[in-house]
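Each chain, letter by letter, is given below.
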Amino acid sequence: RRDRKKRKAIRAKTQISKGRRTCAPKGRKAAEARENVETTKAINAKNEVMGAARAVGAGDRFFLNEIKEHGTKELAKQYKARDKNEHKEKKLTERLTSQLKKLKGGER
């Protein structure tokens, strides 16, 4: 009986821990894992900036200046892109008429 208890105690000490055991990837898999982590971080940062832009655009008050600055910059960028698309002549006839107006205006 004593031997059995001793063996159980020794086994319990050598057991690492409960749960899943993971091994660090090596070689090609390590490079892929690193790329995945970097991609995830980039996506998270972009999503954070987009969320901050929405919050700033909604008029919410921010106390975190860094996020507030990123949000205002992103909001300005979005407004600029939207205005650029709105004011652009979409159809061929609109473009040609605007060019004709410029030519007529330049000759006078």
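For every chain, the first residue of its written sequence is number 1, and the numbers climb from 1 along that sequence. pLDDT decides what is reported in this predicted model: residues at 70 or higher carry local features, side-chain atom pairs at 80 or more are listed and counted, and totals for whole chains, interfaces and linings draw on all residues regardless. With hydrogens and water stripped out, all remaining heavy atoms of the structure feed into the side-chain values.

Trainee: How should the overall build of the protein be read in this particular structure?
Mentor: Of regular secondary structure, the protein possesses four helices and zero strands. For the purposes of this entry, the term helix denotes a DSSP run of H or I that reaches at least four residues, the term strand denotes a run of E that reaches at least two, and both are numbered from the N terminus. For the protein, the N- to C-terminal ordering of α and β elements is α-α-α-α. The 108 residues of the protein split such that 8% are buried. When the accessible surface of the protein is totalled, it reaches about 10900 Å², and 52% of it is carbon and sulfur. Note on classification: 1.4 Å probe, protein chains only; a residue is buried when its accessible area is under 20% of the maximum for its type, exposed when over 50%, partly exposed between these limits. To be clear on the numbers: accessible area is Shrake-Rupley with a 1.4 Å probe, and residue cover counts the displayed protein chains and nothing else.

Trainee: Sorry if this is basic, but what is going on with a positive patch on the surface here?
Mentor: Candidates for patches are residues over 30% relative accessible area with no salt bridge; among them, like charges are joined within 9 Å and nonpolar side chains (Val, Leu, Ile, Met, Phe, Trp, Tyr) within 5 Å. By definition, a salt bridge exists where a carboxyl oxygen of Asp or Glu is found within 4 Å of a side-chain nitrogen of Lys or Arg. Lys and Arg are tallied as positive, Asp and Glu as negative. Neither His nor the chain termini are counted. Throughout, a charge is located at the NZ atom of Lys, the CZ atom of Arg, the CG atom of Asp or the CD atom of Glu. There is a patch of like positive charges on the surface, built from Lys80, Lys84, Lys88 and Lys90. Residue position: Lys90 is located in the loop between α3 (65-86) and α4 (92-107). Overall, the relative accessible area of 59% leaves Lys90 in the exposed class.

Trainee: How should I be thinking about the packing of helix α2 (residues 28-58) against α3 in this particular structure?
Mentor: Helix packing geometry: the angle between the two helix axes and the distance between the axes. Between N-to-C directions, angles span 0 to 180 degrees; the directions come from axes that are lines fitted to C-alpha atoms, helices contributing only their stretch in contact. Contact geometry of α2 with α3 gives a least axis separation of 7 Å together with a crossing angle of 80°. Considered as vectors, α2 and α3 are oriented roughly perpendicular to each other. Along its contact with α2, which presents Glu48, Val49, Met50, Ala52, Ala53, Val56 and Gly57, the element α3 presents Ile67, Lys68, His70, Gly71, Thr72, Glu74, Leu75 and Gln78. Grouping the amino acids of the contact of α2 with α3 by side-chain chemistry returns seven nonpolar, five polar and three charged. Roughly parallel covers angles under 35 degrees, roughly antiparallel covers those over 145, roughly perpendicular covers 65 to 115, and oblique covers all other angles. Contacts between residues were defined by any pair of non-hydrogen atoms, one from each residue, lying within 4.5 Å. When residue character is reported, Ala, Val, Leu, Ile, Met, Phe, Trp, Tyr, Cys and Pro are called nonpolar, Asp, Glu, Lys and Arg charged, and the others, Gly included, polar.

Trainee: Explain the pattern of salt bridges here, please?
Mentor: Pairing is possible between side chains that carry opposite charge, provided their charged atoms lie close to one another. Evaluation of the coordinates by the stated rule reveals two salt bridges. In this structure, the salt-bridge partner of Arg28 is Glu32, at a minimum N-O distance of 3.1 Å. With Arg28 and Glu32 both in helix α2, this residue pair falls four residues apart, about one helical turn. Under the relative-accessibility criterion, Glu32 is labelled partly exposed at 38%. Across the pair Glu74 and Lys77 runs a salt bridge whose closest N-O atoms are separated by 3.8 Å. In this pair, Glu74 and Lys77 are both assigned in helix α3, three residues apart and thus about one turn of the helix distant. Lys77 sits in the exposed class, given a relative accessible area of 56%.

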